[in-house]
Amino acid sequence: MVESKSPLILTIDDEKNIRKSFRNFLEDYEYRVIEAENGQIGLELFKTEKPNLVLVDLRMPEIDGLEVLKEITNISPNTPIIVVSGTGIIGDAVEALRLGAWDYLLKPIEDISVLLHAVEKALERANLIRENKDYQEHLELEIKKRTQELEESNAALAESENTLNSIIGQIPDIIYRLDPEGKIVFISQSVSRYGYSPESLIGQSIFDFVHHEDKEIIKQHLNERRKEKRSTKSLEVRLKTPNRKADSIESHGIGEDNNFIFSVDAEGIYSTQNNGESNFLGTQGIARDITERKKLEEQLQHSQKMEAIGMLAGGIAHDFNNLLTSIMGYSYLSLNQLKEDNPLFGNIKEIQSAGERATSLTRQLLAFSRKQVIQPQIIDLNKLINNTQKMLKRIVGENIEFITIPDSSIGYLKADPGQIEQIVMNLVVNARDAMPNGGKLIIETSNTYLDDAYSKEHIDVTPGQYIMLSISDNGCGIDKETLKHIFEPFFTTKEMGKGTGLGLSTVYGIIKQSGGHIFVYSEIDKGTAFKVYFPRIYFEEEKQPSDIGSDKHLYGNETILVVEDDETVRKLIATILTSYGYKIHIANSGDAALHYINNPKGKIDLLLTDVILPKMSGTELADKVTSICKDIKIVFMSGYTDRSIVQHGILEEGINYIQKPFTHDILVQKIRKVLDAKRKSS
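Residues numbered from 1 in each chain as written. Predicted model: local features only at pLDDT ≥ 70, side-chain atom pairs only at ≥ 80, totals over all residues. Heavy atoms only, no water.

### Observations concerning the overall build of the chain
Worth spelling out the cut-off: Runs of H or I in DSSP of at least four residues are treated as helices and runs of E of at least two as strands, each being numbered from the N terminus. When accessible area is computed with a 1.4 Å probe and restricted to protein chains, residues below 20% of their type maximum are described as buried, those above 50% as exposed, and intermediate ones as partly exposed. Contact criterion: two residues are considered in contact whenever any of their non-hydrogen atoms come within 4.5 Å of each other.
Broken down by element type, the chain carries 19 helices and 25 strands. Buried residues in the chain amount to 47% of all 682 residues. If you take every contact in the chain between residues at least 6 apart in sequence, the share linking residues at least 24 apart comes to 70%.

Okay, structure coming up:
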């Protein structure tokens with residue numbers, strides 16, 4: 001027996017350590033791995049070794065990753081390629097995906113299991129494509145075999161017609177035959193599934209049922225068969241059927257066609273004349289409905305694209321949050337030292353205001369990328385909407401009829417109340433903007449069950465009980481091209497300066513982080529409905545007490561060790577806490593902090609550490625420090641979260657955390673609260 005080999009993976013990267021780490025990790029999962037230090041060697045290895053999957057960096061000498069991606073895709077379009085790049089440029093990600101990359105991972109990969117997940121999914125998808133290709137080849141052979149048999153047994157065709165029709169009737173695919181001009185001379189009973197009777201179609205032109213954009217494909221196909229040219233690939237055509245409404249769209253942000261999509265395998269039919277020349281009699285073949293498959297492929301591609309953009313957005317927000325912490329902190333300190341009549345006071349005030357606006361944008365980016373830390377509560381959705389109703393009515397104006405239809409029997413959902421209000425606000429504002437001349441806006445809640453059938457059509461939906469929030473309008477509607485990008489950050493149809501393009505992307509991120517789903521239903525000139533589904537909570541859990549509020553006495557004399565690799569932020573924190581009486585020691589890394597802990601110059605009461613540090617993370621540092629100083633208190637801070645303190649953006653119980661950028665008030669209140677809690681517990 002021949003032993004099956006594990007998949008072979010080629011990793012192309014000019015950094016030896018990265019290649020080595022990828023190889024060691026993947027070989028632990030029984031993958032075979034080969035390495036290439038540049039694009040040229042990588043291409044040579046690809047041609048000789050024929051790997052099952054390729055990992056490629058973008059920035060490499062001589063031949064960059066995009067050229068390698070383009071070349072491999074030309075050689076073997078069904079070989080999965082995952083780009084693993086250290087660049088955070090959105091354009092690079094988009095170009096890589098356009099050239100055929102199956103996935104895009106951003107270095108450094110904080111959680112290496114993400115690489116394993118991407119590799120497994122890509123290999124699984126490649127296997128499905130390969131199986132489908134084998135099936136199509138098998139199907140083509142069957143068609144050829146059947147066509148030949150029909151021609152060779154023409155004399156016996158009349159006797160076997162009833163038997164053959166019975167067999168064909170059991171096949172879900174549509175079997176057909178066209179004359180040289182494209183008129184239907186035979187079509188199988190399976191066409192009745194789409195609202196037609198086979199008898200009514202005989203003699204009609206296939207062009208009457210083909211989407212207008214695909215008619216040229218059929219014409220070209222018939223002309224090629226007329227010249228006895230063979231077809232080496234299947235045709236994809238959209239057919240109009242009476243079973244599908246022509247002007248309705250359901251979307252995840254993906255524009256869907258309103259016709260059924262078929263994969264067509266067909267051959268020409270010929271007879272030989274006395275002079276030896278062939279006479280073209282038409283075409284015959286099989287049309288397979290691939291509508292649902294194409295829809296799921298689009299959903300998968302959209303999901304992967306949103307995930308890649310989310311990773312980039314989260315990384316950008318992290319870098320900006322460190323800068324904004326310094327800008328806002330030093331602005332506050334400067335304003336405290338200046339009188340309002342000072343010429344610089346107004347300028348610094350504007351800098352502070354700009355920092356606050358930038359903070360709002362980074363929070364929206366974190367919400368989209370599902371990296372914002374939240375502390376969810378049990379929410380009565382009807383009560384929340386009722387409490388915001390007056391404000392919402394003022395927003396929409398008097399020319400829009402505002403209607404709420406609450407279902408009094410709905411259960412509870414678990415989410416951040418402020419974020420749910422943000423969802424409602426954004427969707428209401430969008431509905432208002434779609435009705436400049438007035439109209440009707442309806443907010444509706446209800447219980448609903450998303451079943452297995454619905455789950456199969458929407459790849460990220462788990463069957464179960466949900467609470468539905470629907471916000472609909474009878475405004476201008478949304479076109480299909482816009483729906484393709486509607487949840488992407490910075491995409492907007494509004495005029496320059498009138499929208500950031502972050503509203504719906506924020507909504508998307510919040511809903512996904514809360515375990516929910518959002519879909520859009522729209523008809524041009526008739527209106528739009530956003531439907532949001534949250535997992536239903538069946539009983540009201542005990543609500544957690546609010547963490548809002550500030551202590552009266554913020555000053556202290558305790559000793560705090562501050563660990564932060566950004567020098568500007570480090571100095572700012574030290575300045576603020578020193579001004580409140582605390583004794584401060586600073587370190588720029590985990591190693592420096594441990595050196596101080598192991599060589600103490602006095603007792604340390606609290607460790608304030610960034611989560612993301614070079615070499616040693618903040619959580620690793622905290623574990624080591626607490627093993628030495630049993631009663632020390634820990635406060636984490638970060639502009640970007642990792643899985644060591646949060647799961648899906650939800651703060652683990654017992655963790656003290658400050659989200660960057662923070663104001664000096666938030667910092668000193670948090671420090672004082674943690675220290676006071678320590679005093680009470682002791």
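### Some points on the nonpolar core
What counts, and what does not: The term nonpolar core refers to a set of buried residues drawn from Ala, Val, Leu, Ile, Met, Phe, Trp, Tyr and Cys, joined through side-chain atoms within 4.5 Å.
Counting 37 residues, the largest nonpolar core has Ile420, Leu441, Ile443 and Phe530 as its most contacted members. If you tally residues by element for this core, the top one is helix α12 (residues 417-433), at 6 residues. If we ignore the near neighbours within four places in the chain, the residues touching Phe530 are Leu427, Leu469, Ser470, Ile471, Ile478, Ile486, Phe487, Leu504, Ile518, Phe519 and Val520. Counting residues in hydrophobic clusters, the runner-up holds 25 residues, among them Leu10, Ile34, Met60 and Leu99.

### Digging into a nonpolar patch on the surface
Here is the rule we go by: Patch members must show over 30% relative accessible area and no salt bridge, and they are joined within 9 Å when carrying like charges or within 5 Å when they are nonpolar side chains of Val, Leu, Ile, Met, Phe, Trp or Tyr. Per-residue accessibility takes into account occlusion by the displayed protein chains alone, with areas from the Shrake-Rupley method and a 1.4 Å probe. Put simply, a salt bridge is a Lys or Arg side-chain nitrogen that is within 4 Å of an Asp or Glu carboxyl oxygen.
Together, Leu323, Ile327 and Ile351 make up an exposed nonpolar region whose accessible area comes to about 260 Å². Among the secondary structure elements, Ile351 is positioned in helix α10 (residues 343-368). For Ile351, a relative accessible area of 45% gives the class partly exposed.

### Some remarks on unusual backbone geometry
Here the residue pair Lys107 and Pro108 is connected by a cis peptide bond, since its omega of -5° sits within 30 degrees of zero. As for its placement among the helices and strands, Pro108 is situated in the loop between β5 (103-106) and α5 (113-152). The backbone of Glu30 shows a phi angle near 65°, a positive value even though the residue is not glycine. Here Glu30 is to be found in the loop between α1 (16-28) and β2 (32-36). When its relative accessible area of 63% is taken as the criterion, Glu30 is described as exposed. One non-glycine residue, Glu62, adopts positive backbone phi at about 65°. Tracing the backbone through its elements, the reader meets Glu62 in the loop between β3 (53-56) and α3 (65-75).

### Topic: the packing of helix α2 (residues 39-49) against α3
Worth spelling out the cut-off: Comment: axis = line fitted to C-alpha atoms, over the contacting stretch for helices; angle = value between 0 and 180 degrees taken between N-to-C directions. Here the angle decides the label: under 35 degrees means roughly parallel, over 145 means roughly antiparallel, 65 to 115 means roughly perpendicular, and every other value means oblique. Handedness of each helix crossing follows the sense of rotation of the near helix against the far helix: counterclockwise by less than a right angle gives left-handed, clockwise gives right-handed. Gly is put with the polar residues, along with every residue not named as nonpolar or charged; the nonpolar set is Ala, Val, Leu, Ile, Met, Phe, Trp, Tyr, Cys and Pro, and the charged set is Asp, Glu, Lys and Arg.
Their axes nearest at 10 Å, the elements α2 and α3 cross at an angle of 15°. Between α2 and α3, the angle falls in the class roughly parallel. The handedness of the crossing between α2 and α3 is right-handed. Between α2 and α3, the residues in contact are Gly39, Leu43, Phe46 and Lys47 and Val68, Glu71, Ile72 and Ile75, respectively. Residue composition of the contact of α2 with α3, grouped by class: 5 nonpolar, 1 polar and 2 charged.

### Digging into a negative patch on the surface
Rule in force here: Under the convention used here, Asp and Glu are negative, Lys and Arg are positive, and both His and the chain ends fall outside the count. Working definition for charges: the position is that of NZ of Lys, CZ of Arg, CG of Asp or CD of Glu.
On the surface, Glu142, Glu149, Glu151 and Glu152 cluster together into a patch of negative charge. Of note, Glu152 is situated in helix α5.

### Structural notes on the confidence of the model for the chain
Rule in force here: Across the chain, each position has a pLDDT score giving the predictor's confidence in that residue, from 0 to 100.
Taken over all residues, the pLDDT of the chain has a mean of 77, while the share at 70 or more is 78%. The lowest-confidence element of the chain is strand β9 (residues 249-251), averaging 37 in pLDDT; the highest-confidence one is strand β1 (residues 8-12), averaging 94. Every residue in residues 496-501 is under pLDDT 50, and counting partners more than four places away or in other chains gives 9 contacts. Under a pLDDT of 50 for its full length, residues 540-552 has, in the predicted model, 13 contacts with residues more than four places off or in other chains.

### Quick notes on the pattern of salt bridges
One pass over the structure, following the stated rule, counts 14 salt bridges. The salt bridge involving Glu35 is made with Arg19; its shortest N-O contact spans 3.2 Å. Of this pair, Glu35 sits in strand β2 while Arg19 sits in helix α1, and the two are 16 residues apart along the sequence. Given the relative accessible area of 26%, Glu35 is considered partly exposed. In this structure Arg19 comes out as buried when scored by relative accessible area, which is 8%. In this structure, a network of salt bridges that share partners links the residues Arg19, Arg23, Glu27 and Glu35.

### Some details on the side chain of Ser470
Following the sequence through the fold, Ser470 ends up in strand β16 (residues 464-473). Residue classification places Ser470 among the buried residues on the basis of a relative accessible area of 5%. If we ignore the near neighbours within four places in the chain, the residues touching Ser470 are Ile442, Ile443, Glu444, Phe530 and Lys531.

### Details of the pairing of β2
To keep things clear, this is the line we draw: Between any two strands, pairing holds if DSSP finds at least two bridges.
Where β1 lies against β2, 5 bridges are found, and the strand directions are parallel. For Leu8, the partnering residue across the bridge sits in β2 and is Arg32.

### Some details on the sheet that holds strand β7 (residues 184-187)
Taken in spatial order, the 5 strands line up as β7-β6-β11-β10-β8 in an open sheet, and their pairing is antiparallel. Here the strands that pair on one side only, and so sit at the sheet edges, are β7 and β8 (235-239). When the angles between neighbouring strand axes are averaged without regard to direction, this sheet yields 30°. Across 11 bridges, the pairing between strand β10 (residues 260-272) and strand β11 (residues 278-289) is antiparallel. Note that in β11 the partner of Glu267 across the bridge is Gln284. Sitting on the sheet, helix α8 (residues 215-226) is in contact with β8, β10 and β11, with an inclination near 140° to β11.

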